Amino acid sequence: MSQAKASLRLAEIDLGYCRVTAPITGKTGAANFTKGNYVTPQSGPLASIVQMDPIRVSYTLPDRDYLDQLESFKKQGPVHKTRLVLSNGSAFDTPGERDFEENTVDSQTGTIQMRLRYANKEGLLIPGEMIRVFTKPVTSRRVNVIPQVAVMADDRGDYVYVIEKDGSVRQARVTLGREMGQLREAEGLTEGQMVAVASLQSLRPGMRVKVDAPAVPERSGVPRPASGGGKETE
């Protein structure tokens, strides 16, 4: 009995010297243990804490845009002009500060992982939340875009079928740029040209087709897609 009391007394002395502090200031989740539980180093974490202010937002940026942003950082400092849209649709317009960039480009997507740091005093940004990140381009430029479904490829590269005003089909070589949803930047075309988006496998240069109700361009400078391009006429 005396030995048990001595062990208890030693444990109480050790507890008096024990002080558990959090490594960061943040918000604590549900505790894994409560008062009176016996814990050891093997018991695992007592609780999970996430940092709320400041908070970091991770996203990917195309490599070409990343190089443009580096030029902006040199001129304007580490503040990054972005607009965040939260999961409920509301905007979070606080500017983000450059925090981290990955040191390699993803070879499969051509993008680089970036991380920005934001002040989050009101706690509107929640760890693990899915948000949309809109970045402002360093420079604006006018480009032609085409539907991705219009693009075909052979051993010489990428091409599309252009439909002339008289209905004749012509093959046009294009150099593809960035993806924008279902659209793709394309050099080699001029504004107002129509490209076929249907029956592509049956089209051949020189044949004539009947164009059915071309779609309205989504923006100025977009070659108009034509449907029904595979129907041959006399």
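Here goes a summary of the coordinates provided. All values reported here derive from a predicted model rather than from experimental measurement.

## Considerations on the overall build of the chain
Counting its secondary structure elements, the chain contains two helices and 17 strands. The buried share of the chain, taken over its 234 residues, is 26%. Contacts in the chain between residues at least 24 apart in sequence constitute 62% of all its contacts with a sequence separation of at least 6. In the structure as shown, the chain presents an accessible area of about 16100 Å², 51% of it carried by carbon and sulfur atoms.

## Notes on the side chain of arginine 184
Summarising the element assignment, arginine 184 is placed in strand β15 (residues 183–187). Each residue touching arginine 184, except ones within four places of it in the same chain, is listed here: Asn144, Val145, Ile146, Gln148, Leu176, Gly177, Arg178 and Glu179.

## Digging into the sheet that holds strand β10 (residues 145–147)
Pairing is antiparallel in the open sheet, where three strands are placed in the order β10-β15-β14. The sheet is open, and its two borders are formed by β10 and β14 (175–180), each paired with just one other strand. When strand polarity is set aside, the average angle formed by the axes of neighbouring strands in this sheet is 40°. Bridging between β14 and β15 involves four bridges; their strand directions are antiparallel. Counterpart to threonine 175 in the pairing with β15 is glutamate 187.

## Considering the nonpolar core
Core analysis: the largest hydrophobic core is formed by 13 residues, its most contacted members being Leu84, Phe92, Met114, Tyr118 and Leu125. Listed by contribution, the elements that provide at least two residues to this core are β3 (55–62) and β8 (111–118). Not counting residues within four places of it along the chain, the set of residues in contact with leucine 125 comprises Met52, Ile55, Val57, Leu84, Leu86, Phe92, Tyr118, Asn120 and Ile131. Core analysis: the second largest hydrophobic core is formed by 11 residues, Met194, Leu200, Leu203 and Val209 among them.

Thresholds, definitions, all that
Residues numbered from 1 in each chain as written. Predicted model: local features only at pLDDT ≥ 70, side-chain atom pairs only at ≥ 80, totals over all residues. Heavy atoms only, no water. Helix = DSSP H or I, 4+ residues; strand = E, 2+ residues; numbered from the N terminus. Buried < 20%, exposed > 50% of the residue type's maximum accessible area, 1.4 Å probe, protein only. Contact = heavy atoms within 4.5 Å. Areas by Shrake-Rupley, 256 points an atom, 1.4 Å probe, with all protein chains shown as cover. Pairing = 2+ DSSP bridges. Axes fitted to C-alpha atoms, helices over the stretch in contact; angles between N-to-C directions. Core = buried A, V, L, I, M, F, W, Y, C linked by side-chain atoms within 4.5 Å.

Remember, this is a structural readout, not a statement about activity or role.
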